[in-house]
Amino acid sequence: QVQLVESGGGLVQAGGSLRLACAASGRTFRNYAMAWFRQTPGKEREFVATITWSGDRISYADSVKGGRFTISTDNAKNTLYLQMNSLKPEDTAVYYCAASSSYWAGKSVGLYHYWGQGTQVTVSS
């Protein structure tokens, strides 16, 4: 059974940094696509970034491009990361880790089969 457990959320001031982690277990993720999404109350879940487990293909939402956010994997630890820098109040959301049994799943929520419970990120102005 696949389990995804996020950690690393919290309260940070605008301009600060956080690193989210997602510990994955239950199977071999070598051929999986992994992703981060986020959601605020009353809004649909929003794509943030995705990566193949090998790291050979990566895509970011326009809102986090330009080096603000970096997605990565650690194969030895079976862990997905999201390094978030230069945080803005509009980055405030619950952040979810997701996994797809497809090698590449892109930005669509519906193509991800497994989800973590989410971790709250709050950026104060």
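Our structure is the block above this text.
Heads up: these notes are all about the structure in this document.

1. Remarks on the pattern of salt bridges
Part 1 of the argument: Tallied over the full model, the rule gives four salt bridges.
Part 2 of the argument: Residues R38 and E46 are paired through a salt bridge, measuring 2.9 Å at the closest nitrogen-oxygen approach.
Part 3 of the argument: For D91, the salt bridge is made with R68, and the minimal N-O distance between the two is 2.7 Å. Of the two residues, D91 sits in the loop between β8 (79-84) and β9 (93-100) while R68 sits in the loop between β6 (58-60) and β7 (69-74), which places them 23 residues apart along the sequence. By the burial criterion, D91 is buried, and R68 matches it.

2. Things to note about unusual backbone geometry
Most of the time, phi is negative for any residue but glycine, and the peptide bond is trans.
Part 1 of the argument: For N78, which is not glycine, the phi dihedral falls at a positive 50 degrees.
Part 2 of the argument: Mapped onto the secondary structure, N78 falls in the loop between β7 and β8.

3. A word on the packing of aromatic side chains
Part 1 of the argument: Considering all chains together, one arrives at six aromatic pairs under this definition.
Part 2 of the argument: Centroid distance F37 to Y112: 5.3 Å. Interplanar angle 75 degrees. Geometry classified as edge-to-face. Linking F37 in strand β4 (residues 33-39) with Y112 in the loop between β9 and β10 (114-115), this pair joins segments that are 75 residues apart in sequence.
Part 3 of the argument: Taking relative accessible area as the criterion, F37 reaches 0% and is therefore assigned buried.
Part 4 of the argument: Given the relative accessible area of 5%, Y112 is considered buried.
Part 5 of the argument: Joined through ring pairs, the aromatic side chains of F37, F47, Y112 and W115 make up one cluster.
Part 6 of the argument: In this structure, R45 packs its charged tip against the face of Y96, placed 3.7 Å from the ring centre.
Part 7 of the argument: It is R45 that lies over the ring of W115; its NZ or CZ is 4.8 Å from the centre.

Scoring rules and cut-offs
- Residues numbered from 1 in each chain as written.
- Predicted model: local features only at pLDDT ≥ 70, side-chain atom pairs only at ≥ 80, totals over all residues.
- Heavy atoms only, no water.
- Salt bridge = Lys/Arg side-chain N within 4 Å of Asp/Glu carboxyl O.
- Helix = DSSP H or I, 4+ residues; strand = E, 2+ residues; numbered from the N terminus.
- Buried < 20%, exposed > 50% of the residue type's maximum accessible area, 1.4 Å probe, protein only.
- Phe/Tyr/Trp six-rings, centres within 6.5 Å; stacked < 30°, edge-to-face > 60°.
- Lys NZ or Arg CZ within 6 Å of the ring centre and 35° of its normal.

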